[in-house]
Amino acid sequence: MIEILSPSEVAKARVTGALVADILYTLKSRTTVGTNLLDIDRWTKEMILKAGAESCYVDYAPSFGRGPFGHYICTGVNDAVLHGLPHDYQLADGDLLTLDLAVLKDGVAADSAISFVVGESAPPSGVAMIEATERALSAGIAAAVPGARIGDISHAIGSVLGAAGYPVNVEFGGHGIGSTMHQDPHVPNTGRPGRGYELRPGLLLALEPWVMEDTAKLVTDADGWTLRSATGCLTAHSEHTIAITDSGAEILTLPTGTLL
Ligand code: MF3
Ligand code: CO
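Residues numbered from 1 in each chain as written. Chains lettered and ligands numbered in written order. Predicted model: local features only at pLDDT ≥ 70, side-chain atom pairs only at ≥ 80, totals over all residues. Heavy atoms only, no water.

**Student:** Could you clarify how one ought to interpret the site of ligand 1 in this entry?
**Tutor:** In the vicinity of ligand 1 there are 13 residues, among which Tyr57, Asp100, His182, Glu208 and Glu239 approach most closely. Between a nitrogen atom of ligand 1 and a side-chain N or O atom of tyrosine 57, the distance comes to 2.6 Å. In the environment of ligand 1, a nitrogen atom lies 3.0 Å from a nitrogen or oxygen atom belonging to the side chain of aspartate 111. Contact with the protein chains removes 98% of the 340 Å² of surface that ligand 1 exposes when unbound. Partitioning the shell around ligand 1 into residue classes produces 6 nonpolar, 3 polar and 4 charged. (Near = heavy atom within 4 Å. Polar contact = N/O pair within 3.5 Å; in protein donor to acceptor, adjacent residues only side chain to side chain. Areas by Shrake-Rupley, 256 points an atom, 1.4 Å probe, with all protein chains shown as cover. Nonpolar A, V, L, I, M, F, W, Y, C, P; charged D, E, K, R; others polar.)

Below, the structure written as structure tokens:
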């Protein structure tokens, strides 16, 4: 089902979006060499509950994972790119970390992901991958104007990722979002312009370009959730929730600058 939100529902989505972004940037500011992924999960839980919001993940049991997720945030290190299940691991200097968070507040969900390097020894190829996903996300957002189609967004994202030299996986991509985290339409990270559902004001989309350096093939970790690059190469992921408005796309998951 595709939901079109009323202006008052979009106003609620702005609040949820800012909360998701502020939690992510607070986590980024607290994360250093030696931080444990389970600390990040616990901090996330505390911030979600303090804000009177609910986790979209903890009870989530989709077909692509094993049982309820049981945690509050996805943490992917280096080759782990999607659905990274937090576990007992202390971050090392130069680790490339992806944090992906979705919460529900006042009945409206928002979903965002950031990738960054922990410590001082940033691998140049990892930095380039993060920047490519951020540029692809910006291009997708710029294409998300009323009257355009999902294929226009997919094409914009895929063109940037392809030009940067990365293979594109189409098993997982962006999605509609609203009263629940995952809704139609699916937004593949590559596609043909002019095809697919026509964008209209009140539609919320989570756009999420992600890449693996030298492969399009994913493997599932023994934990039943974490998706890693089949070759063990580095990966990156950037995601925003946007609202289609009369004049274009509004990014809902921008941090307000308040550390929580
Ligand atoms: N937020 C992720 C996405 O970007 C989905 C994570 S589902 C989980 O669509 F169960 F792994 F948490
Ligand atoms: Co998402």
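So much for the structure itself; the text now carries on.
**Student:** Hey, could you run me through helix α4 (residues 150-163) in this one?
**Tutor:** It helps to recall that an α-helix has 3.6 residues per turn; residues three or four apart then point in one direction. The end-to-end C-alpha distance of α4 is 20 Å, a good match for the 20 Å that 14 residues give at a rise of 1.5 Å each. Listed in full, the buried residues belonging to α4 are Ile150, Gly151, Ile153, Ser154, Ala156, Ile157, Gly158, Val160 and Leu161. Next to the buried residues of α4 lie α3 (124-143), β7 (183-187), β8 (204-207) and β9 (210-212). Remark: glycine 165 follows α4 within two positions and exhibits a positive phi of approximately 95 degrees. (Helix = DSSP H or I, 4+ residues; strand = E, 2+ residues; numbered from the N terminus. Expected span 1.5 Å × (residues − 1). Buried < 20%, exposed > 50% of the residue type's maximum accessible area, 1.4 Å probe, protein only. Contact = heavy atoms within 4.5 Å.)

**Student:** What exactly am I supposed to notice about the pairing of strand β4 (residues 96-105) here?
**Tutor:** Moving residue by residue along a regular strand, the side chains alternate between the two faces of the sheet. Burial within β4 is extensive, with 10 of its 10 residues counted as buried. Across the two faces of β4 the burial is the same, with Leu96, Thr98, Asp100, Ala102 and Leu104 and Leu97, Leu99, Leu101, Val103 and Lys105 all buried. As judged from the 4 bridges shared by strand β2 (residues 74-77) and β4, these two strands associate in the antiparallel manner. Each residue of the ladder has a partner; that of threonine 75, found in β4, is leucine 99. One ladder, built from 10 bridges, connects β4 with strand β5 (residues 108-117); its direction is antiparallel. By the bridge assignment for β5, leucine 101 is matched with serine 112. Between the end of β4 and the start of β5, which pair antiparallel, lie 2 residues, with aspartate 106 showing a positive phi angle near 50 degrees. (Pairing = 2+ DSSP bridges.)

**Student:** Would you take a moment to explain the coordination of the cobalt ion (ligand 2) for this structure?
**Tutor:** Note on the cobalt ion (ligand 2): its protein donors are Asp111 (OD), His175 (NE2), Glu208 (OE) and Glu239 (OE). The metal-donor distances range over 2.1 to 2.2 Å. One way to put it: the 6 donor atoms around the cobalt ion (ligand 2) meet at angles of 53 to 175 degrees, and that makes the site irregular. Site description for the cobalt ion (ligand 2): donor spacing in sequence, D-x63-H-x32-E-x30-E. With a gap of 128 residues between them, aspartate 111 in strand β5 and glutamate 239 in the loop between β12 (235-237) and β13 (240-245) connect regions that are remote in the sequence. Here aspartate 111 and glutamate 239 have matching classes, each one buried. (Donors = N, O, S within 2.8 Å, 3.2 Å for Na, K, Ca; no water. Tetrahedral: all angles 85-135°; square planar, octahedral: opposite > 155°, others 65-115°.)

**Student:** Looking at this model, I keep getting lost on the nonpolar core. Mind explaining?
**Tutor:** In this structure, Ile153, Leu199, Leu205, Leu207, Ile242 and Ile244 are the most contacted members of the largest nonpolar core, which totals 26 residues. The set of elements that each furnish at least two residues to this core consists of α3, α4, β8 and β13. Take this core: its biggest share by element is 6 residues, from α3. If sequence neighbours within four positions are ignored, isoleucine 242 has contacts with Ile141, Ala144, Leu203, Leu204, Leu205, Leu207, Ala249, Glu250, Ile251 and Leu252. Membership of the second largest hydrophobic core comes to 24 residues, among which are Leu24, Ile73, Leu99 and Ile114. (Core = buried A, V, L, I, M, F, W, Y, C linked by side-chain atoms within 4.5 Å.)

**Student:** So what exactly am I meant to see when it comes to the side chain of serine 115 here?
**Tutor:** For serine 115, the position within the fold is in strand β5. By relative accessible area, which is 5% here, serine 115 ends up buried. Engagement of the side chain of serine 115 in a polar contact is seen with the backbone oxygen of histidine 237, the distance being 3.0 Å. Apart from residues lying up to four places away in sequence, serine 115 is in contact with Leu96, Leu97, Thr98, Ile130, Ala236 and His237.

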